Amino acid sequence: MNRMIVTLLLGCVALLAATPLLATSDHSAQRGSAATGSLVDGEVRKVDKAAGKVTIAHGPLPNLNMPAMTMAFRVSNAAWLEQLKAGDRIRFAAEDVNGVLTVVRWQPSPR
Ligand SMILES: [Cu+2]
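About the criteria used
Residues numbered from 1 in each chain as written. Predicted model: local features only at pLDDT ≥ 70, side-chain atom pairs only at ≥ 80, totals over all residues. Helix = DSSP H or I, 4+ residues; strand = E, 2+ residues; numbered from the N terminus. Buried ≥ 20, exposed ≤ 12 C-beta atoms within 10 Å, placed from the backbone. Contact = placed C-beta atoms within 7 Å. Pairing = 2+ DSSP bridges. Axes fitted to C-alpha atoms, helices over the stretch in contact; angles between N-to-C directions. Core = buried A, V, L, I, M, F, W, Y, C linked by C-beta atoms within 7 Å.

(A) Representation of the overall build of the chain within the structure. Looking only at helices and strands, one finds two helices and five strands in the chain. Reading the chain from its N terminus to its C terminus gives the helix and strand order α-β-β-β-α-β-β. With 111 residues in all, the chain has 14% of them scored as buried. Considering only residue pairs separated by 6 or more positions, the chain has 45% of its internal contacts joining residues 24 or more positions apart.

Here it is, written out as structure tokens:
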């Protein structure tokens, strides 16, 4: 009976140990995919609902060949202008959509 409990406990420990490993390999797989799929750090500086734009201080954007800078982006979903506000830290992806640099994806920064 005791041995069975020990086995169960070991099973739990193995499961817990495996979880971060899975998360890590998922993450590196994501990073290894196309540059357009990766999110970069940004801080919202200004939201201009009238113009449909958000100004973001962003880290380097490899898919756009862009160094870190502060600039305005269009957003692919106007509802995001209601959700974003100056001072928000986000992770986001931007793409050149018909010549207009556009935020196509974002999430609140985990930090
Ligand atoms: Cu830029």
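Here the narrative resumes.
(B) Structural detail: the sheet that holds strand 3 (residues 69-75). Spatially, 1-2-3-5-4 is the arrangement adopted by the five strands of the closed barrel, whose pairing is mixed. Between one strand axis and the next, the sheet turns through 55° on average, direction left out of account.

(C) The arrangement of the nonpolar core in detail. If you look at the biggest cluster of nonpolar residues, it comprises 13 residues, and the most contacted ones within it are V54, F73, V75, F92, A94, V103 and W106. Every element with two or more residues in this core is listed here: strand 1 (40-48), strand 2 (53-58), strand 3, strand 4 (89-97) and strand 5 (100-108). Here the element with the most residues in this core is strand 4; it accounts for four residues. Excluding its chain neighbours within four sequence positions, the residues that come into contact with F73 are K53, V54, I56, A94, L101, T102 and V103.

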